[in-house]
Amino acid sequence: MKEEFKIAWRNLWRNRRRTIITSASIFFAVFFAVVMRSYQLGSYDHMITNFIESFTGYLQVQNIKYQDNPLIDNSFDFNDSIASEISEIDKVVSVTPHLESFTLASSGSQTKGVAVIAIDPVKEKNFSNPENKLVRYRITDEAVDHMKNAGIIPDNILDKVKKNLDRSYSSSAKLELELGLTDYNKELYMTEIIKCSEVSNGYLANDDEGILVSDRLASYLNVAIGDSVILMGQGYHGVSATGMFPVRGIIKIPSPDIDNKLIIMTIPAAQKFFDAEGKVTSLVVNLTDKSYRLLKTVQAEINSLMPDKNTIAKTWYELNPILYQQIQGDSQSGAAMLGLLYFIIFFGIFGTVLMMVSERKREFGVLVAIGMQKKKLKRIVTIEMLLLGSIGLVCGLLASVPLILYFYYYPIVLKGELANMMEDWGWDAVMPSAWFGPYFYWQAVIVALMVVLATLYPLRKIERLKEIEAIKG
Amino acid sequence: MIFLIITGLSFLSQPGFTQQMSATDIVRKADEKFNGEKSSYSVMSMKVIRPEWQRTIEFKSWTLGKEYALTLITAPPKEAAQTFLKRGSEMWSWNPTISRLIKLPPSMMSQGWMGSDYTNDDILRESSVVTDYVHEIVGEEKIDDRVCYKIKMTAKEEASIVWGRQIRWIDKKDFLVLKAELYDEDGYLVRTETGSDIKIMDGRTITSRIELVPSEEPENKTLIEIREIKFNIPLEDSFFSQQNMKRVR
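Here the structure is a predicted model, which means the values were calculated and not measured.

The rules behind the values
- Residues numbered from 1 in each chain as written.
- Chains lettered and ligands numbered in written order.
- Predicted model: local features only at pLDDT ≥ 70, side-chain atom pairs only at ≥ 80, totals over all residues.
- Helix = DSSP H or I, 4+ residues; strand = E, 2+ residues; numbered from the N terminus.
- Rg over C-alpha atoms; globule rule 2.2 N^0.38 Å.
- Buried ≥ 20, exposed ≤ 12 C-beta atoms within 10 Å, placed from the backbone.
- Contact = placed C-beta atoms within 7 Å.
- Axes fitted to C-alpha atoms, helices over the stretch in contact; angles between N-to-C directions.
- Parallel < 35°, antiparallel > 145°, perpendicular 65-115°, else oblique.
- Left-handed = near helix turned anticlockwise from the far one by under 90°.
- Pairing = 2+ DSSP bridges.
- Nonpolar A, V, L, I, M, F, W, Y, C, P; charged D, E, K, R; others polar.
- Core = buried A, V, L, I, M, F, W, Y, C linked by C-beta atoms within 7 Å.
- Expected span 1.5 Å × (residues − 1).
- pLDDT = per-residue confidence, 0-100.

1. Looking at the overall build of chain A
Counting its secondary structure elements, chain A contains 18 helices and 15 strands. The C-alpha atoms of chain A give a radius of gyration of 32 Å, which is well past the 23 Å a tight globule of 473 residues would have. Taken along its principal axes, the extent of the C-alpha atoms in chain A is 100 × 65 × 30 Å. Looking at the 473 residues of chain A, the share that counts as buried comes to 37%.

Below you can see the structure in the form of structure tokens.
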């Protein structure tokens, strides 16, 4: 065996170019398959994290009827002891109570139907964190005038700023990103731009009677911080709910659909407003990870904790079946793309093997003619192929590692129209790669199988080899 | 306001009329009694009944002819002091918690009044039961030991009514509407109203209890009870003003 290995190794380096071409085809096969899959999985994962963790949560405790009929009548009694019992369950990261309903919001002569989400201002920081979404910077005409008058910022930079007129930002990083300045310009002018576009904003206190209004809704109602908004609607069990609420802050929600109609208030204020003392419509539970098994165990544990059998925990895919199906559909089409890639790759590998066999037909003929056992020859060729395969595989995997690592830590940030479009859908416009997981090894296994499959061809050729014909060529 | 509907049902009594009355006469007689009255003041309670809960709203109501009505909510405390004003075909609401006078937009017309099974539209569109329908006596039936005319009322084509037809059971003796079935234009039963608990109030025999059951959700119910009613009290047009909405107690 050792001898055969030696011969195989020497054979490989006898014709370097051929070896390099064959292993390169395997290398690229592995490399592209791994990187592509990593991207696909990473983007889904990011989307899920993005969407689930700050929107539906992994699990939600609801009244059994609430999902089909999201009315405040289908709420349930809530107290802090339930929340603390749930948060003591293993691997539960956060438990966030919500009271949600729809009302009319009115200011001046403008009226609009809005979604009211009542939160616990402190606990909510672990979930959707509205404090992070407060509008901090706003490019208004006034701000641009300020920048112009200060005279520090050159015209070309000012033009870039003007392109983002009427846009608002929750962080200076986002503003920086959208302006797309060079590092040099950033250092020179960013402080001034930030200074001129900065706006004051406020968050809710624990028992606040005030509200946060989403950016687009605020501009529709024409309200600013300190103004009041009138809310009118129906409360618990048909009570008419009316109230006047001072605006404490303006928040920017990436999705315009939600940004057009969101009002956030504290749970005590909402319970008073809707006449729903002690009620909430949902408890949002976030977990350490989203594995199916963990979801199911925690779901069962919560259900056994709830005193009322009409109040149950639902998983995010039960709450948002459309998103779940969409992710699955995407994953399927990704797998189909990958299948296509494998197909091409296989024929790449097979092609080089075919070439090798026809090149070495004479060589094989001579070897068999001078007494080499066909069995031994087959072993040598198999070892050669496996060596080639593992060189390509290992190199491919190694080459993909830095790329995956890099894009995991520094994901591709989309810009321009595409980015806006993604934000419109409620996604962060970044595309990270997935951390190494089963997919990584599976690509290696699949490509290795393809190499084995391709090896069958030379083995068959040797089996049927006729020395005379082979030597004569 | 609500009173307008109720009077449609709780006809004012007047003992025996001549035997041969046409269907239109019967309906007109009842209706004229109502329209002929100058004004009214009433105290009522409305119980909204749902499978899992129920709540009671109490209110006072003033009416003048068919054009004017003013309603003041008196209970529960959270909703007390809200007022509703009807002038002709327009309706306003005043809400003291937000100090706002709101003219109810057309989009709110199909919504339930105070969460009940009565819609705002029911309250406003008190179409004429006499002139907007063609009437026909289709039989006699006994309801709670009272012999009633069963009258089929088909909406005239040019009339702007949400109902396609109605069937009313009008008591022969006191001309009380004991039951009414309201059908939509496609002939489906939309709701059933029944009058009961006949009492003498302010010298008239009326049904003091009216129950509304929407036929699509038979477990839902709205129950109105008349606690107190006075007829022909002195009231002026000027009583039904936006200023008075904020003052009336």
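After that view of the structure, there is still more to cover.
2. Focus on the overall build of chain B
Scanning chain B from N- to C-terminus turns up four helices and 13 strands. Burial statistics for chain B: of 249 residues in total, 35% are counted as buried. At a minimum sequence separation of 6, the contacts of chain B that also span at least 24 residues come to 48%.

3. Focus on the packing of helix H4 (residues 141-150) of chain A against helix H7 (residues 183-197) of chain A
Residues and elements named next belong to chain A. Interaxial distance between H4 and H7 falls to 8 Å at its minimum, and their mutual angle equals 135°. By the angle between their axes, H4 is oblique relative to H7. In this structure, H4 meets H7 at a crossing whose hand is right-handed. Contact residues: Ala 143, His 146, Met 147 and Ala 150 in H4; Glu 192, Ile 193, Cys 196 and Ser 197 in H7.

4. Describing the pairing of strand S7 (residues 211-214) of chain A
Residues and elements named next belong to chain A. Side chains Ile 211 and Val 213 of S7 all project onto a buried face; the interleaved residues Leu 212 and Ser 214 project onto the opposite face, where all are buried too. Relative to strand S9 (residues 240-251), S7 is paired through four bridges, and the arrangement is parallel. Each residue of the ladder has a partner; that of Leu 212, found in S9, is Gly 249. As judged from the three bridges shared by S7 and strand S10 (residues 262-266), these two strands associate in the antiparallel manner. Its bridge partner being in S10, Leu 212 is matched across the sheet by Ile 264.

5. Quick notes on unusual backbone geometry
Of the consecutive residues B:Ala75 and B:Pro76, the connecting peptide bond is found in the cis state with omega at 0°. Summarising the element assignment, B:Pro76 is placed in the loop between strand S3 (68-75) and strand S4 (83-87). One non-glycine residue, A:Asn222, adopts positive backbone phi at about 60°. By secondary structure assignment, the location of A:Asn222 is in the loop between helix H8 (215-221) and strand S8 (228-234). One non-glycine residue, B:Asp145, adopts positive backbone phi at about 65°. Relative to the elements of secondary structure, B:Asp145 occurs in the loop between strand S7 (133-143) and strand S8 (146-155). Residue B:Asp145 is classed as exposed on the basis of its C-beta count, with 5 C-beta atoms lying within 10 Å.

6. Observations regarding the interface of chain A and chain B
Frequently, the measure chosen for interface size is the accessible area that the parts lose on association. Residue-level contacts link 10 residues of chain A with 11 residues of chain B. Secondary-structure elements contributing two or more residues to the side of chain A that touches chain B are S8 and S9 of chain A. Of all the elements, S9(A) adds the most residues to the side of chain A that touches chain B, at four residues. Along the lines of polarity and charge, the residues of the side of chain A that touches chain B split into three nonpolar, six polar and one charged.

7. Looking at the environment of A:Glu85
Residue and element names in this part refer to chain A. Looking at the element boundaries, Glu 85 is found in helix H3 (residues 80-87). Residue classification places Glu 85 among the partly exposed residues on the basis of 14 C-beta atoms within 10 Å. In this structure, the C-alpha to C-alpha distance between Glu 85 and Ile 302, residues 217 residues apart in sequence, is 8.8 Å.

8. Focus on the nonpolar core
Core analysis: the largest hydrophobic core is formed by 61 residues, its most contacted members being A:Val213 and A:Val229. When residues no more than four places from it in sequence are discounted, the contact partners of A:Val229 are A:Ala105, A:Ser107, A:Ile211, A:Val213, A:Leu221, A:Val223, A:Phe245 and A:Val247.

9. Observations concerning the packing of helix H2 (residues 16-56) of chain A against helix H17 (residues 438-463) of chain A
Residue and element names in this part refer to chain A. It is at 9 Å that the axes of H2 and H17 come closest, and there the two elements cross at 150°. Regarding the angle of H2 to H17, the classification is roughly antiparallel. When the axes of H2 and H17 are compared, the crossing they make is right-handed. Contacts between H2 and H17 pair Ile 26, Ala 29, Val 30, Ala 33, Val 34, Arg 37, Ser 38 and Leu 41 from the former with Tyr 439, Phe 440, Gln 443, Ala 444, Val 447 and Val 451 from the latter. Residues belonging to the contact of H2 with H17 are distributed by class as follows: 11 nonpolar, two polar and one charged.

10. Focus on the pairing of strand S2 (residues 54-64) of chain B
All names here are of chain B. With 11 bridges joining them, strand S1 (residues 39-49) and S2 adopt antiparallel strand pairing. Each bridged residue has a counterpart across the sheet, and for Met 46 the counterpart in S2 is Ile 57. In this antiparallel pair of consecutive strands, S1 and S2, the connection spans four residues. With seven bridges connecting them, S2 and S3 associate as antiparallel partners. Residue pairing across strands places Phe 59 opposite Ile 73, the latter belonging to S3. The turn linking S2 back onto S3 is made up of three residues, and Gly 65 within it adopts a positive phi angle of 60°.

11. Some details on the environment of A:Gln271
Residues and elements named next belong to chain A. By the secondary structure assignment, Gln 271 is in helix H10 (residues 267-273). Residues Gln 271 and Tyr 236 lie 35 residues apart in sequence; the distance between their C-alpha atoms is 9.0 Å. Excluding its chain neighbours within four sequence positions, the residues that come into contact with Gln 271 are Leu 99, Ala 276, Glu 277, Gly 278 and Lys 279.

12. Comments concerning H2(A)
Given a rise of 1.5 Å per residue, 41 residues ought to cover 60 Å, and the 57 Å separating the end C-alpha atoms of H2(A) matches this to within 8%. Of the residues trailing H2(A), A:Gly57 is marked for its positive phi of about 80°.

13. Re the confidence of the model for chain B
Residues and elements named next belong to chain B. The predicted model of chain B has a mean per-residue pLDDT of 82, with 88% of residues at 70 or higher. Note that pLDDT drops below 50 for residues 6-18; the model gives that stretch 36 contacts with residues more than four away or on any other chain. For this predicted complex, the interface score ipTM comes out at 0.71, alongside a pTM of 0.73.

14. Looking at the environment of A:Ser200
Residue position: A:Ser200 is located in the loop between H7 and S7. Residue class for A:Ser200 comes out exposed when judged on the 9 C-beta atoms lying within 10 Å of it.

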